[in-house]
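What the coordinates show
Okay, here's what each chain looks like letter by letter:
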Amino acid sequence: MVLNPVISKLSGKLVVLASASPRRLEILTNIGLRFEVVPSWFKETLDKTLFKTPYEYAVETAKQKALEVAQRMPFKHLKAPDIVIGADTVVTVDGLILEKPADKQDAYRMLSRLSGKEHSVFTGVAIVLCNEKEGELKIEYNVVDFYEETKVKFADLSEDMLWEYINSGEPMDKAGGYGIQALGGMLVEYVKGDFLNVVGFPLNHFCKQLGMIYNSPPESPAHKIKREDSTEAEGPWALVNSLSKCTENGENNQQSSNSDSAQDQNVVGPECAKCNNEGFPHKIVDLLDGFKASKTLFTASKLGVFDVLSDSEGLTLEEVADRIKASVLGTERLLDGAVSLGLLHRLRHGENTDQARRFLVSDSPLSLHGYILNCNDLVWPLFTHLESAVREGTNQYERAFGKKTENLFQDGYYKKDDVKMRFMNAMHSIAKVTGTDVATAFDLSQFKTACDVGGCTGAMAYEFTKAHPGLSVIVFDLPPVIEMRHHFQPKEQDDRVSFVAGDFFKDDLPKADLYILARILHDWSDDKVHELLRKVSKACTPGGGLLVSEIFLDEGRTRPSRALLQALSMTEGQQRSAVQYRDLLEEHGFTHVQTKYTDNLLDAMLFVKKDPNYTDCFYKVS
């Protein structure tokens, strides 16, 4: 085994684990490695937005933990280590990094996101080799870092199971809110990759790295790593890259550049913008340019750039300009901007990226084209008057469009067909992109009929019937909307979706086992919300269901920013947290069953109507 000769070569060396994790301690002890434990004082406050991938964040955190211990020990412990090992484990789902939960509610949010999904567990590891130079007071710190990824699939977790696990206390000191080696193992359907990596330390990969450091022959290419100045580093320290030199007097913390493969060793460069420019306001600068990026997307969509590039390949710049009816200079700069934003590839004069093909081409099944045009034509003008909106605390429809809100709504959306179509296209876009995640959030097999209140084009309803073969859905919306529905009908007709015209504030709601309110409640004033919920509660029989789909704020009302920024449009409604929606619905006789954070544009909550004759809820969550 590769580790045995390595252990003998570590004999007499001071090996330090820069972690207080009992799991990492146990893993390394079990292989016979002798080491001391010196927990790192490094505060894990790195800005995640500065890292392109989750594993880069984990690797850099591990490196900073190890370097902090390596540089502190000669002064605080009066001895210099030979090797310091740092590690950091993060759980990611759909690109979101989940670390240790702050409290039970945070653990609930994490585990709800993981429920029923495959996620990744990344552990970044840094091995710092400390080399005291003879005749010098300085210590040279050389860093080897790597990462390991393991895929884990959770079962669909019931509300009871979630809270039983959370109340056990186990999630509170675990990345992602679970420990696979203990009670958390009951939540897991399968693991692909290194199991110990999920526990907290990728032992196999670690052993291979030690083998490369201590067992590679002198002539091995691993002992010759190109410097950025094109010279070669040679000798026993070349493998770990003598470019990462941090002295004990504080000249420290250059960040490594990560390789594309989990099996490749990283080479640390002499400069690092993230670490050497920690005082530079990267996030603020990104925000300064944010409006330019949005308007570039809006303009490219409105001029049909993505459609033109989808329809024809190999167009010249002049041909693209002609087709979008724009100047050659303006087209060139627009395409350059789209390339810089990752919307186009730099092939001749642009080629759609995969995401552009899926979401920006107007006739793609999941196109956001309609919603983007709505943002450009309606939301953008409103936000140009944001200062006035904030000062006055009112929406700016009259300044932006010359009409009061209610007049714009009637004259714009429901009098002019082109504006009405634009609005319906926007709602259709959102429903298509979010529909599958919302429709599959819960087991709805006990419900046979549903009513999608304010269901617009029926896009969400069709996703529900696809996900639940025994369910039929009535779409209930205003007469002008129902009249226009034929523009949005899917190619394959589904007779389980029907349409009924009516005003959900004035008319009786159709009878159904389940009512769906998707992107409805946040739009209206509290009085209107209570009025609507009273109608839903009256129509819903005991044991019937209500599914609410909105953007759910966290309890501190700090994220997601998308919801908080949307609120700046100063509509009469408001954004709420999941707890606020739960309390709101309980006022109208509904019991909360389950919450699902989808990591899509909308989350979902399921409620059941209480039976006044019984105290228990009989809805079963699978």
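Treat the numbers as computed from the prediction; the structure is a model and nothing was measured. (Residues numbered from 1 in each chain as written. Predicted model: local features only at pLDDT ≥ 70, side-chain atom pairs only at ≥ 80, totals over all residues. Heavy atoms only, no water.)

1. Observations concerning unusual backbone geometry
Along the chain, Arg-559 connects to Pro-560 via a cis peptide bond; the corresponding omega equals 0°. Tracing the sequence through the fold places Pro-560 in the loop between strand 16 (545-550) and helix 22 (561-566). Unusually for a residue other than glycine, Arg-519 sits at a positive phi of about 60°. Given the relative accessible area of 19%, Arg-519 is considered buried. With a phi close to 55°, Arg-557 is a non-glycine residue in the positive phi region. Judged by its relative accessible area of 40%, Arg-557 is partly exposed. (Helix = DSSP H or I, 4+ residues; strand = E, 2+ residues; numbered from the N terminus. Buried < 20%, exposed > 50% of the residue type's maximum accessible area, 1.4 Å probe, protein only.)

2. Describing the nonpolar core
Ile-127, Tyr-178, Phe-206, Tyr-515 and Leu-546 are the most contacted members of the largest nonpolar core, which has 73 residues in total. A total of six residues in this core trace back to one element, the largest contributor, which is helix 7 (residues 203-215). Those residues in contact with Tyr-515 that lie beyond four places of it in its chain are Cys-451, Val-453, Leu-509, Pro-510, Val-536, Ala-539, Cys-540, Gly-545, Leu-546 and Leu-547. Ala-431, Leu-444, Ala-461 and Ile-551 belong to the second-largest nonpolar core, a separate cluster that totals 31 residues. (Core = buried A, V, L, I, M, F, W, Y, C linked by side-chain atoms within 4.5 Å. Contact = heavy atoms within 4.5 Å.)

3. Comments concerning helix 19 (residues 459-467)
With seven of nine residues buried, helix 19 is to be regarded as a mostly interior element. Every buried residue of helix 19 is accounted for by Ala-459, Met-460, Ala-461, Tyr-462, Glu-463, Phe-464 and Thr-465.

4. Let's talk about the sheet that holds strand 16
Across the sheet, which stays open at both edges, the seven strands sit in the order 14-13-12-15-16-18-17 with mixed pairing between neighbours. In this open sheet, the two strands that pair with only one neighbour each are strand 14 (497-501) and strand 17 (590-596). On average, adjacent strands in this sheet sit at an angle of 20° to one another, irrespective of strand direction. Relative to strand 14, strand 13 (residues 472-477) runs parallel, the two sharing five bridges. Paired with Phe-476 across the two strands is Val-500, which belongs to strand 14. Docked against the sheet, helix 21 (residues 526-539) engages strand 15 (514-518), strand 16, strand 17 and strand 18 (603-609), running at close to 160° with respect to strand 15. (Pairing = 2+ DSSP bridges. Axes fitted to C-alpha atoms, helices over the stretch in contact; angles between N-to-C directions.)

5. Observations concerning the environment of Arg-113
Mapped onto the fold, Arg-113 is located in helix 4 (residues 104-114). Spatially, the C-alpha atoms of Arg-113 and Leu-98 are 9.8 Å apart, while their sequence positions differ by 15 residues. If sequence neighbours within four positions are ignored, Arg-113 has contacts with Val-93, Leu-96, Tyr-597 and Asp-599.

6. Observations concerning helix 9 (residues 282-302)
Given a rise of 1.5 Å per residue, 21 residues ought to cover 30 Å, and the 30 Å separating the end C-alpha atoms of helix 9 matches this to within 8%. Largest kink in helix 9: about 45°, centred on Asp-289. Residues Thr-296, Phe-298, Ala-300 and Ser-301 constitute the buried set of helix 9. Turning to helix 9, the residues buried within the fold contact helix 10 (305-311), helix 12 (328-340) and helix 14 (369-383). Gly-304 sits one or two positions beyond helix 9 and adopts a positive phi of about 80°. (Expected span 1.5 Å × (residues − 1). Bend = angle between axes of the 7 residues up to and from the residue.)

7. Some remarks on the packing of aromatic side chains
Scanning the model with the defined rule gives 14 aromatic pairs in all. Consider the rings of Tyr-55 and Tyr-147, whose centres lie 3.9 Å apart with planes at 10°: the pair is stacked. With a gap of 92 residues between them, Tyr-55 in helix 3 (residues 54-76) and Tyr-147 in strand 6 (residues 139-154) connect regions that are remote in the sequence. For the pair shown, Tyr-55 and Tyr-147 are each scored as buried. With 6.1 Å between their ring centres and 55° between their planes, Phe-122 and Tyr-147 make a pair best called tilted. Here the residue Phe-122 occupies a position in strand 5 (residues 118-132), and Tyr-147 occupies one in strand 6, the gap between them amounting to 25 residues. Side by side, Phe-122 and Tyr-147 carry an identical accessibility label, which is buried. Through a chain of ring-to-ring contacts, the aromatic side chains of Tyr-55, Phe-122 and Tyr-147 assemble into a single cluster. (Phe/Tyr/Trp six-rings, centres within 6.5 Å; stacked < 30°, edge-to-face > 60°.)

8. Brief notes about the pattern of salt bridges
Under the defined criterion, the tally for this structure stands at 18 salt bridges. Here Glu-149 and Lys-151 are joined by a salt bridge, their closest N and O atoms 3.3 Å apart. You can call Glu-149 partly exposed: its relative accessible area is 30%. The salt bridge partner of Arg-391 is Glu-387, with a shortest N-O separation of 3.9 Å. Placement of the pair is Arg-391 and Glu-387 together in helix 15 (residues 386-392), with a separation of four residues, close to one helical turn. Residue Arg-391 shares its accessibility class with Glu-387, and that shared class is exposed. (Salt bridge = Lys/Arg side-chain N within 4 Å of Asp/Glu carboxyl O.)

9. A few points about the packing of helix 4 against helix 5 (residues 159-167)
Two elements in contact, helix 4 and helix 5, have axes whose closest approach is 10 Å; the angle formed by their N-to-C orientations is 135°. The orientation of helix 4 relative to helix 5 falls into the category oblique. Here helix 4 runs over helix 5; the crossing is right-handed. Here helix 4 contributes Lys-104, Gln-105, Ala-107, Tyr-108, Leu-111 and Ser-112 to the contact with helix 5, which in turn contributes Glu-159, Leu-162, Trp-163, Tyr-165, Ile-166 and Asn-167. Across the contact of helix 4 with helix 5, the residue classes break down as seven nonpolar, three polar and two charged. (Parallel < 35°, antiparallel > 145°, perpendicular 65-115°, else oblique. Left-handed = near helix turned anticlockwise from the far one by under 90°. Nonpolar A, V, L, I, M, F, W, Y, C, P; charged D, E, K, R; others polar.)

10. Notes on the side chain of Glu-170
By the secondary structure assignment, Glu-170 is in the loop between helix 5 and strand 7 (188-192). The buried charged residue Glu-170 lacks any salt bridge, with Lys-174 as its nearest oppositely charged partner at 5.3 Å. Polar side-chain contacts of Glu-170 include one of 2.8 Å to the backbone nitrogen of Gly-184. If sequence neighbours within four positions are ignored, Glu-170 has contacts with Tyr-165, Gly-179, Ala-182, Leu-183 and Gly-184. (Lys, Arg positive; Asp, Glu negative; His and termini not counted. Polar contact = N/O pair within 3.5 Å; in protein donor to acceptor, adjacent residues only side chain to side chain.)

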